[in-house]
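# Tertiary structure, described
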Amino acid sequence: MAGYLVSDTRKVTTHRFMEMKQKGEKISMLTSYDYTMAGIVDKAGIDAILVGDSASNVMAGNATTLPMSVDYMIYHARSVARACQRALVVCDMPFGSYQVNATEGVSNAIRIMKESGCDALKMEGGEEILDTVKRILDAGIPVMAHLGLTPQSINKFGSYAVRAKEQAEADKLLRDAQLLDEAGCFGITLEKVPAKLAAEVTKLVKCPTIGIGAGNGCDGQVLVVADMLGMTQGFSPRFLRRYADLNMVITDAVGHYVEDVKSGDFPNENESY
């Protein structure tokens, strides 16, 4: 199938993110980490691609996102940005690249933008990183915030359970969202928080909210591409909908290839020079 599956093929920008919220148009977002997958996802009409530090799990086999470095994120983001014609490309700032101080955060943010060619950055945290967020925004770099379950803080929280179920944490999340919105973030990712709270945040802030395990009240949704395509196994959270079973498709294809090579059927005369 050739061409976009959406009628509007203009490049998606952070400004258009805001427009989409104002018009009530839902925002679609998926992760990608390499040129080939990003090209397919972009061509299919996705609004935004997140080059997530989830590459640590999906691409490198690590148990957490913590091992990802600025160098690795630049590598993945550069590969994705080269493939995208329409989608807004958002790159995660990895753990340790902005938590030390604002000056180091700005320096790393500028480096990622310059060397990757991505359109914006995403940062986990609320009021505690607000000064750094403001400094990066002042440098002319668009920032998407990330609240709720923040995987870079896994060792602090101890699990990947739903966040902000208690009132005190919910109140903090609402305050953090408001502060980040007022600072000028163009979007806020809400991960694994109660749907009612996510809907409340969505109504409270001017910028769009992107949910993952946060219900249908958000302005958009994001999933890890390998999960929604059924490439990963043994990971079935409640929020995940699988749109294909590529694990089975790829396994069958490789199995047939092995069989044909072993039998001498591949390559045949037509496949030889």
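Preceding block: the structure.
Residues numbered from 1 in each chain as written. Predicted model: local features only at pLDDT ≥ 70, side-chain atom pairs only at ≥ 80, totals over all residues. Heavy atoms only, no water.

Before going further, it helps to spend a moment on the pairing of strand β8 (residues 220-223). Where strand β1 (residues 27-31) and β8 come together, four bridges link them in parallel fashion. Bridge pairing in β8 links Met29 to Val222. Of the strand pairs in this sheet, strand β7 (residues 209-212) and β8 are connected by two bridges, and their pairing is parallel. In the strand pairing of β8, Ile210 is matched with Gly220. (Pairing = 2+ DSSP bridges. Helix = DSSP H or I, 4+ residues; strand = E, 2+ residues; numbered from the N terminus.)

The subject of this paragraph is the nonpolar core. Soluble globular proteins tend to bury their nonpolar side chains together. Counting residues in hydrophobic clusters, the biggest one holds 63 residues, and the most contacted among them are Leu121 and Leu190. Non-local contacts of Leu190, meaning those with residues more than four positions away in its chain, are made with Leu147, Leu173, Ala198, Val201, Thr209, Ile210, Gly211, Ile212, Ala214 and Cys218. (Core = buried A, V, L, I, M, F, W, Y, C linked by side-chain atoms within 4.5 Å. Buried < 20%, exposed > 50% of the residue type's maximum accessible area, 1.4 Å probe, protein only. Contact = heavy atoms within 4.5 Å.)

A few words now on the packing of aromatic side chains. Working definition: an aromatic ring pair is given by the centre-to-centre distance plus the angle between the planes. Within the structure shown, the criterion is met by two aromatic pairs. On the numbers, 5.5 Å between centres and 65 degrees between planes, the contact of Phe17 with Phe186 is edge-to-face. Of this pair, Phe17 sits in helix α1 (residues 14-23) while Phe186 is found in the loop between α8 (167-183) and β6 (187-191), placing the two residues 169 residues apart along the sequence. Given a relative accessible area of 5%, Phe186 falls into the buried group. (Phe/Tyr/Trp six-rings, centres within 6.5 Å; stacked < 30°, edge-to-face > 60°.)

With that settled, consider α1. Turning to α1, its buried residues are Arg16, Phe17, Met20 and Lys21. Buried positions in α1, seen along its axis, are confined to an arc of 145 degrees and lie on one side of it. Residues of α1 that are exposed and point over 90 degrees away from its buried face: His15, Gln22 and Lys23. With its phi angle positive at about 80 degrees, Gly24 sits one or two positions after the end of α1. (Arc of directions from axis to C-beta.)

With that settled, the discussion passes to the pattern of salt bridges. Under the counting rule described, the total for this entry stands at ten salt bridges. One salt bridge in this structure joins Lys172 and Glu128, with 3.4 Å as the shortest N-O distance. Of the two residues, Lys172 sits in helix α8 while Glu128 sits in the loop between β4 (120-124) and α6 (130-138), which places them 44 residues apart along the sequence. By relative accessible area, Lys172 is classed as partly exposed at 39%. Between Asp176 and Lys172 there is a salt bridge; the shortest N-O distance is 2.6 Å. In this pair, Asp176 and Lys172 both sit in helix α8, four residues apart, roughly one turn of the helix. Because the salt bridges share partners, they merge into one network encompassing Asp71, Arg111 and Glu115. (Salt bridge = Lys/Arg side-chain N within 4 Å of Asp/Glu carboxyl O.)

Note that all results are geometric; they support no functional claim without further evidence.
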